[in-house]
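Residue-level structural notes
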Amino acid sequence: MTMSEKILARASGRDAVRPGDLVLGKVDFAMGHDLTIPPAGKIMREQMGAQKVWDVDRMAVVQDHFQPAKDIASAGLGKMTREFAREMGVKWYFEVGQGGICHTVLPERGLVLPGELVVGADSHSCTYGALNNFATGIGSTDLACVMALGELWFRVPESLRFVYHNQLAEWVEAKDLILHVIGQIGVDGARSKAMEHTGEAIARIDMEGRLTMTNMAIEAGAKNGIIGFDKITREFLDGRAQRGYTPVASDPDAEYERTFEFDAAAVPITLAKPMSPDHTAPIDEVAGTRLDQVFIGSCTNSKIGDLRRAAAVLKGRHVAPWVRLIITPSSAQVAREAEREGLIGIFMDAGAGWTVATCGACLGGHMGVVGAGEVCLSTSNRNFPGRMGDPTAQVYLSNPVVAAASAVAGEIIHPKEVVGRELVAV
Amino acid sequence: MKAVLRGRAWTFGANVDTDQIIPAKYAIYSLDEKKLGEHAMEGVPGNDGGWSQKISAGDILVAGPNFGCGSSREIAPIAIRGSGISVVVADSFARIFFRNSINIGFPILQSPQAAEAVKEGDELEIDLDAGVIRNFTQGDEYKCDAFPDFMNELIKMGGLVPWVRKQLKERRQKAHA
């Protein structure tokens, strides 16, 4: 069996499962946020008739999408979310200013662990699979079912194996690699399937980069993204894991529907052009595109390493005239660390706007919504029409170094043209 | 739920994502199906808004591959249902949209044949039990892919809510026994 199959087999109390099987799986951890808890809580209590959450220690509720409340209606959603968590006694409740974006918060607090079955009422819940678990996004009625029963129905997915030979070239990051893959297979290339990443390049990508890769599994339509357990996983979890855990590995004779092989060394800096994550292009093709806004943020690319690299570009430089740069850290811990390292001062000196940790501009919520016809370069995960604001806005996706350099140039640019031969850490 | 549905077809292309089905800004109306319905499909480029005003109750949405990709927002199928659409037929569905539709008891059908052939405005009749779509305008008939029994059962029961109620009842009975 593949590691995804092993996790679903264990969670459903079976010796083995096969792709296509429908199973009832016991959930190890569940998450909801300010857009999904209000309906899920209502469905659970008023329609399903359940009065408590199955296990308050295995549930997180995060205020991140439209919080701090962007208007009166979202204040109402935040309030319902808060009251639900409080009344249920949810152990892992993250208030504005103390959590951040759910998909950064759960891994950094050691709440989602190897071998586990994790669900989140948010499509990017597939992020957690970098930590060797089966994690997938679900809807609000799904979440209500999990909260009521601790179980949910799953169709065992076919697994696709992605093998990355060699190492990424200079300037090329995990973001470029996953955009390149999505460009090759399309936004439905892994529809409802498991994306298992392996190979030499993965062994050398740090946990932040791995989380970026599994985060975007959904942009290929995948059910989950998953990576094997290794030294990098163990070191990330040491002193962090909230429970004991049992890693899983795919068997040598595991069956894959298909194996894709890539030469990681040949992958260029890759961006997604408007208006789809699979509409990818190497940087040379889009260089020179004039920008109105640059957004460094989201669960995909706004962790401390991302901010350090952005700061290395922005130190001593300034955002181009008539361009705005918005930097949104992905969690309170990331923000605290950025403050400690002096990164926030660098950003402010460069003329960037620094915000509280929130999903914010990524989903066109607040703090960076783009207007009609505007061109935006974003480090987030998807650029379907209207995702970040007006449906006629043109959104490009890139890694944070390209985003920072392009903010300085006022147009999409190869970062080496801004910083010289190599990136010097701040 | 009626086993035979009749209505006019409204067609869409490939990879229509949840931001096009219901833009995130309307997520503030998460608990108001009618309000969501008023804004259904509003984010589709070229759709001049007010799409749902043209819908007669029972009309049928027909789309290309990967319908409903993107966000996990359950308000996507809820908005479509709120607009008056009775069933969605697509070449294929993105998985969370698929789950959400089944969980809320909203009928969806996978039929690459229909997705390819149906034109906007065609008069359709759908026999949910037989999994057959009849096109009166074109005088044609299309087959639908069969879903696993459990999913059909969920749709027939009215979604995941009655199923969970049943499970909870069984658990309570077991605890008392």
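Since the model is a prediction, treat every value here as computed from it, not as a measurement.

Often, the extent of an interface is quoted as the loss of accessible area on bringing the components together. All names here are of chain A. By domain assignment, chain A separates into domain 1 (3–262) and domain 2 (270–419). Look at where the C-alpha atoms of domain 1 and domain 2 centre, and you get two points 24 Å apart. Taken together, the contacts link 33 residues of domain 1 with 33 residues of domain 2. Residue contributions to the side of domain 1 that touches domain 2 peak at six residues, all from helix α6 (residues 174–185).

All names here are of chain A. Pairing is parallel across the open sheet formed by four strands, whose spatial order is β10-β9-β8-β11. Whereas interior strands pair on both sides, the edge strands pair on one side only; in this sheet they are β10 (224–227) and β11 (258–263). Averaged over all pairs of adjacent strands, the angle between strand axes in this sheet comes to 20°, irrespective of strand direction. By the bridge criterion, six bridges tie strand β8 (residues 159–165) to β11 in an arrangement that is parallel. Paired with Phe-162 across the strands is Phe-260, a residue of β11.

This part is about helix α14 (residues 400–409) of chain A. All names here are of chain A. Burial within α14 is extensive, with ten of its ten residues counted as buried. By the burial criterion, the buried members of α14 are Pro-400, Val-401, Val-402, Ala-403, Ala-404, Ala-405, Ser-406, Ala-407, Val-408 and Ala-409. Tucked inside the fold, the buried residues of α14 contact α10 (283–286), β14 (293–296), α11 (304–314), β15 (324–327), β17 (375–378) and α15 (416–419). Where α14 terminates, the next one or two residues include Gly-410, which has phi positive at roughly 80°.

Attention now goes to the interface of chain A and chain B. Each partner contributes to the interface: chain A provides 42 residues, whereas chain B provides 37 residues. Elements with a contribution of two residues or more to the side of chain A that touches chain B: α2 (37–47), α3 (72–88) and α5 (140–149) of chain A. Ranked by the residues each element gives to the side of chain A that touches chain B, the list is headed by α5(A), at six residues. Residues belonging to the side of chain A that touches chain B are distributed by class as follows: 20 nonpolar, 14 polar and eight charged.

A few words now on the environment of Gly99(A). All names here are of chain A. Relative to the helices and strands, Gly-99 is located in the loop between β4 (92–94) and α4 (102–108). Assessed through the 27 C-beta atoms surrounding it within 10 Å, Gly-99 is described here as buried. Not counting the four nearest positions on each side in its chain, Gly-99 is found in contact with Val-62, Gln-63, Asp-64, Phe-94, Val-105, Ser-331 and Ala-332.

Attention shifts here to the packing of α11(A) against α14(A). Residues and elements named next belong to chain A. Viewed as axis vectors pointing N to C, α11 and α14 meet at an angle of 30°, and their least axial separation amounts to 8 Å. What the angle tells us is that α11 and α14 run roughly parallel. Considering how the two elements wind past one another, α11 and α14 form a crossing that is right-handed. For the pair α11 and α14, contact is made by Asp-306, Arg-309, Ala-310, Val-313 and Leu-314 and by Pro-400, Val-401, Ala-403, Ala-404, Ala-405 and Val-408, respectively.

All names here are of chain A. Residues of strand β3 (residues 59–62) alternate between two faces, with Met-59 and Val-61 on one and Ala-60 and Val-62 on the opposite face, all of them buried. Here strand β2 (residues 29–33) pairs with β3 via four bridges, running parallel. Bridging from a neighbouring strand, Ala-30 pairs with Met-59 of β3. With α2 bridging β2 and the parallel β3, this β-α-β connection has right-handed handedness. Judged from the three bridges that link them, β3 and β4 form a sheet pairing that is parallel. Within β4, the residue paired with Ala-60 across the bridge is Trp-92. Read from β3 through α3 to β4, the crossover connection turns out right-handed.

This part is about the packing of α2(A) against α5(A). A pair of packed helices is captured by two measures, namely the crossing angle of their axes and the spacing between those axes. Residue and element names in this part refer to chain A. Running from N to C, α2 and α5 cross one another at 50°; their axes reach a closest spacing of 8 Å. The angle between α2 and α5 places the two elements in the oblique class. Like other packed secondary-structure pairs, α2 and α5 cross with a definite hand, here right-handed. The residues of α5 that touch α2, namely those facing Pro-39, Ala-40, Ile-43 and Met-44, are Ser-140, Thr-141, Leu-143, Ala-144, Met-147 and Ala-148. In terms of residue class, the contact of α2 with α5 is built from eight nonpolar, two polar and no charged.

Position of Ala121(A) among the secondary structure elements: in the loop between β5 (117–120) and β6 (134–137). With 181 residues separating them along the chain, Ala121(A) and Ser302(A) place their C-alpha atoms 21 Å apart. If we ignore the near neighbours within four places in the chain, the residues touching Ala121(A) are Met31(A), Gly32(A), Thr36(A), Ala40(A), Ile138(A), Gly139(A), Ser140(A), Asp142(A), Leu143(A) and Ser72(B).

Rules used throughout
Residues numbered from 1 in each chain as written. Chains lettered and ligands numbered in written order. Predicted model: local features only at pLDDT ≥ 70, side-chain atom pairs only at ≥ 80, totals over all residues. Domains from an automatic or database assignment. Contact = placed C-beta atoms within 7 Å. Helix = DSSP H or I, 4+ residues; strand = E, 2+ residues; numbered from the N terminus. Pairing = 2+ DSSP bridges. Axes fitted to C-alpha atoms, helices over the stretch in contact; angles between N-to-C directions. Buried ≥ 20, exposed ≤ 12 C-beta atoms within 10 Å, placed from the backbone. Nonpolar A, V, L, I, M, F, W, Y, C, P; charged D, E, K, R; others polar. Parallel < 35°, antiparallel > 145°, perpendicular 65-115°, else oblique. Left-handed = near helix turned anticlockwise from the far one by under 90°. Right-handed = clockwise from strand over helix to strand, strands pointing away.

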